[in-house]
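# Structural overview for review
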Amino acid sequence: MFEIFVCMLKEEWRMHSTLFGNLNFALFPILIFGMAFMGTFLIPFTSRLMDVNMLAVSIHSMYCIMGLMVGSFGIMGKEMMNRRFGQGSLLIHSARSLPISERRLFGNFVVKDTLYYFMLWILPFCLGFLIASPFNAISIHYPLLMFVTASLAFLTGMCTVFILSSVYSRSRAALYAVIILAFAAFVALYLISGDIMRVMRLFMLPSEIFLNFSFPLLIISAAVIIVLFIPAIFLFSPETHAGEKRYVAVLCPLYDRLSRLPFIRGGIDAEKVSASATSGASAPAASEKDFVYAAAQKELTIIAKDFIDLHRSGIGIGQTLFSFVLPVGLIWLVLSVLSDVLRPEQIFMVIAAVTGIIASTMYTWLTEFESFSAYLFLPVKVSSIIRAKIMTFSVLHVVPAVFLIVIAAVTGVLASAVFAIVFAFSVSYYALAIMVRYSGLSPSLMLYSASFFLRYSLFLMPPVIILLGLAFIATGFSLAALILIIPSYFLLKGSFEKWDREDLPGF
Amino acid sequence: MESVIEAQGLTKDYGELRAVDGVSFSVPKGAVFGLLGQNGSGKTTIIKMLTGQVKITEGDCSILGVSPKVDPVRVRSLIGIIPEQETPPSFLTSIEYLQFVGRIRGIHGIDEKAEFWFDFLDFADKKDVLCKDLSRGTRQKLMFAQAFLDSPEVAVIDEPLINLDPVMQRKVKDFLKSYTKEGRTVFISTHILENAQEICDSFAVLHKGSLLYTGSVAELNEKGKKLDDLFLELVNRA
């Protein structure tokens, strides 16, 4: 049995090191260590602005979200691998070919994930915190405790996704009911207590243990994990084949509807697009205009396909909830406690900046579940695929726009909404341009690449912080973020040439 | 005889590994040409270079006079391709996938053409089923349909009969033979030598990235030789 566990560990390491390169991947924990080490030196300064409770809740929430993500990949791994790599699978899905039960494989998988991600994310972070603590007059009690509480937060996230997926595999309505109930409980507790931080600490119990350690709380937190995990392991079913799904063809009607959107259409006459297709627009004799029309037709087709993918796979709703609304909402709640030190407009601008950065990750929604070898044998350039993804990305920006308007309305800063949207969109497109430049069509695969992570942070954070500083002076200054259009344009232009030149790695 | 596919010293390196080493051949118009080799011999890499799916390290090639080095998109617009082990996008239905390919290729009258292929390959009942829910055999039929949707001058097929049942294999073999009678060309790669001897006019044997032999099936038949005997002889000698 131990062999399976060791093989799963090797599998996880090889999958990551193949995707990101041995050195890049091996450097990733060192990068996390460095960030935690240096971040600890900032605690004395940030604690003047930011409540330490809030910082603790944020860090533990981050580990909980990470557990959610890791658990999701375990459950969805086979589907993701198949979509991404054509034919691929993980050992967790090998019960059919090995004399071992699905539950035992699943048990090994959970222990492996806990150990693996503890080594990758938790250990380097806590070590950095531990080593830097004595230099900052922080008791080493806290970093030592964080080894335990961060692991608990990670396990809580992972077990939550296991139980939710088990519920989902039996009833989609039940899943929605559980989510709505959890949300309602959160809101009700907030309304009763009137203290958002207390409610968050209750929901994120490991952060409460970190702040007010007690053995009963530790036992309760461990019990929550066990209570979530035991039914999950009994209900676990990695193969959820629901039979053949049939749909009415919507690609062409959707294509026609999208072609009417002005910013997608770009002033191209639909009839001419059609005419250029019949004349074989890629023939040498075809005019440059014909090439443009033909390229527009290809890109529109890919956009229509992407929307169908988002709708039918459930990624659209799932990602909007878990990858956008949940993290941005959490940050909004966390930032709301800054009202003593910052004006509502300033808090709103911080939310806009964070929304912009998180909105840029919508590009990964459009790329992470797809095998690009599916396009390689078609007459389409990589740059056309990227352009199409960017246009879909643009349409999806209605989500952050609505989110910011809602926050502006709730917090009474509606007059700043337009400025915040401009700020968030500028940041989002700039972050997107950096992602496209360095990772092309595989941004999510670069998650654990130290070099990508470093370049992304170095390019993105300084200008965003400077622009945020300007927006703090006066909300109107947030329009200065429009300057990001210039580097974004050149980064994207260079990216199109770069990715057309290179072989798509590994696919 | 006019050749539609030309390869001169084709070489491909993947890092330290030389996958294809200086391969040259030509394929005449109106022929079924078979590229034969063991697993890992470089067949798929050659197809990818010919069709501009990967960059050529050294040498050059052309299909219908267009080099994939110069204009890979144009090469792919001129030909139909069935890649090895390819899965169509998961969340499109079969008909939507053919419409998708048709729109990308700028084909008109897609629905009528798609109908023909659904009937011909006997999977009209799967028209509105999501690609991810199709069996492997049906996916192969779908990939076949997308490649021949607009009757291209040249079709490049990686393992054409893989996953197909015997009845469908016979149908596809007959189709490929009749297709070239109209002056079109089919380039296949396979390691199933019985099929190659049955449908190919000429062939090349590839071993560890290098070309060992080129010849015609007619010559082989005249000598009463079997392709698999020749293949084993060549590979064992290499």
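Refer to the structure presented above.
These lines cover the structure that appears in this document, whether it is placed above or below.

About the thresholds
- Residues numbered from 1 in each chain as written.
- Chains lettered and ligands numbered in written order.
- Predicted model: local features only at pLDDT ≥ 70, side-chain atom pairs only at ≥ 80, totals over all residues.
- Heavy atoms only, no water.
- Helix = DSSP H or I, 4+ residues; strand = E, 2+ residues; numbered from the N terminus.
- Contact = heavy atoms within 4.5 Å.
- Areas by Shrake-Rupley, 256 points an atom, 1.4 Å probe, with all protein chains shown as cover.
- Buried area = accessible area lost by both parts, 1.4 Å probe.
- Salt bridge = Lys/Arg side-chain N within 4 Å of Asp/Glu carboxyl O.
- Polar contact = N/O pair within 3.5 Å; in protein donor to acceptor, adjacent residues only side chain to side chain.
- Nonpolar A, V, L, I, M, F, W, Y, C, P; charged D, E, K, R; others polar.
- Patch = residues over 30% accessible without salt bridge, like charges linked within 9 Å, V, L, I, M, F, W, Y side chains within 5 Å.
- Lys, Arg positive; Asp, Glu negative; His and termini not counted.
- Charge placed at Lys NZ, Arg CZ, Asp CG, Glu CD.
- Buried < 20%, exposed > 50% of the residue type's maximum accessible area, 1.4 Å probe, protein only.
- Pairing = 2+ DSSP bridges.
- Axes fitted to C-alpha atoms, helices over the stretch in contact; angles between N-to-C directions.
- 1 Å grid on protein atoms, 1.4 Å probe; cavity = no way out; pocket = protein on both sides within 12 Å on 5 of 7 lines; lining within 4 Å.
- Points joined across faces, edges and corners; volume = space filled by probe spheres on them.
- Phe/Tyr/Trp six-rings, centres within 6.5 Å; stacked < 30°, edge-to-face > 60°.

Of the regular secondary structure elements, chain B holds nine helices and nine strands. Intrachain contacts of chain B at a sequence separation of at least 6 include 66% that bridge at least 24 residues. Approximately 9,400 Å² of chain B is accessible, and the part contributed by carbon and sulfur atoms is 47%.

When the parts of a complex come together, some accessible area is lost, and that lost area is often used as the size of the interface. Each partner contributes to the interface: chain A provides 47 residues, whereas chain B provides 39 residues. Interface area, chain A with chain B, both sides summed: about 3,900 Å², of which 57% is carbon and sulfur. Along the contact surface separating chain A from chain B lie two salt bridges. Across the salt bridge formed by E96 of chain B and R312 of chain A, the nearest N and O atoms sit 2.7 Å from each other. Counting across the chain A and chain B interface gives eleven residue pairs in polar contact (both at pLDDT 80 or more). Broken down by secondary-structure element, the contributors of at least two residues to the side of chain A that touches chain B are α3 (52–85), α10 (251–258), α12 (270–278), α13 (288–313), α17 (373–376) and α22 (485–501) of chain A. Of the residues that constitute the side of chain A that touches chain B, the class distribution is 19 nonpolar, 13 polar and 15 charged.

Residue and element names in this part refer to chain B. Taken together, the side chains of D119, D122, D125 and D165 present a region of like negative charge at the surface. With respect to the element layout, D165 can be found in the loop between β6 (154–158) and α6 (166–181). Look at D165 and you get partly exposed, because its relative accessible area is 38%.

Right, let's talk about the pairing of strand β2 (residues 17–28) of chain B for a bit. Residue and element names in this part refer to chain B. Note: strand β1 (residues 3–14) against β2, eight bridges, orientation antiparallel. Each residue of the ladder has a partner; that of Y14, found in β2, is L17. Following β1, the chain reverses through two residues before pairing antiparallel with β2; G15 in that reversal takes a positive phi of roughly 60 degrees.

Residue and element names in this part refer to chain B. Spatially, β5-β6-β7-β3-β8-β9 is the arrangement adopted by the six strands of the open sheet, whose pairing is mixed. Strands with a single pairing partner mark the edges of an open sheet, and in this sheet they are β5 (79–82) and β9 (210–216). Strand-to-strand twist across the sheet, computed as the mean angle between neighbouring axes with direction ignored, equals 15 degrees. For strand β8 (residues 202–207) and β9, the ladder comprises six bridges, and the chain directions are antiparallel. Its bridge partner lying in β9, L206 is registered against L211. Its contacts with the sheet place helix α1 (residues 43–50) against β3 (32–37), β6, β7 (185–190) and β8, and it is angled at close to 145 degrees to β7. On the sheet, helix α9 (residues 227–237) packs against β3, β8 and β9 and is oriented at approximately 30 degrees with respect to β8.

Take empty space enclosed by the protein next. All names here are of chain B. Tallying each qualifying case throughout the model produces one cavity of 30 Å³ or more. Considering only enclosed or pocket space, the largest cavity measures out at about 50 Å³ in volume. E159, P160, L161, I162, I188, T190, I192, N195 and I199 together form the lining of the largest cavity. Those elements that place two or more of their residues in the lining of the largest cavity are β7 and α7 (193–199).

Residue and element names in this part refer to chain B. Tracing the chain through its elements places V129 in the loop between α4 (110–120) and α5 (136–148). A relative accessible area of 0% places V129 in the buried class. The spatial distance from the C-alpha of V129 to the C-alpha of E96 is 9.6 Å, given a sequence separation of 33 residues.

On to the packing of aromatic side chains. The geometry of an aromatic ring pair is captured by two quantities: the separation of the ring centres and the angle between the planes. All names here are of chain A. Inspection of every chain in the model, using the stated rule, returns 36 aromatic pairs over all chains. Judged by centre distance (5.2 Å) and plane angle (75 degrees), the ring pair of F186 and F203 falls under edge-to-face. With F186 in helix α6 (residues 172–193) and F203 in helix α7 (residues 196–203), this pair connects stretches of sequence that are 17 residues apart. Pairing F393 with Y429 gives two aromatic rings, centres 5.4 Å apart and planes at 85 degrees, and the pair type is edge-to-face.

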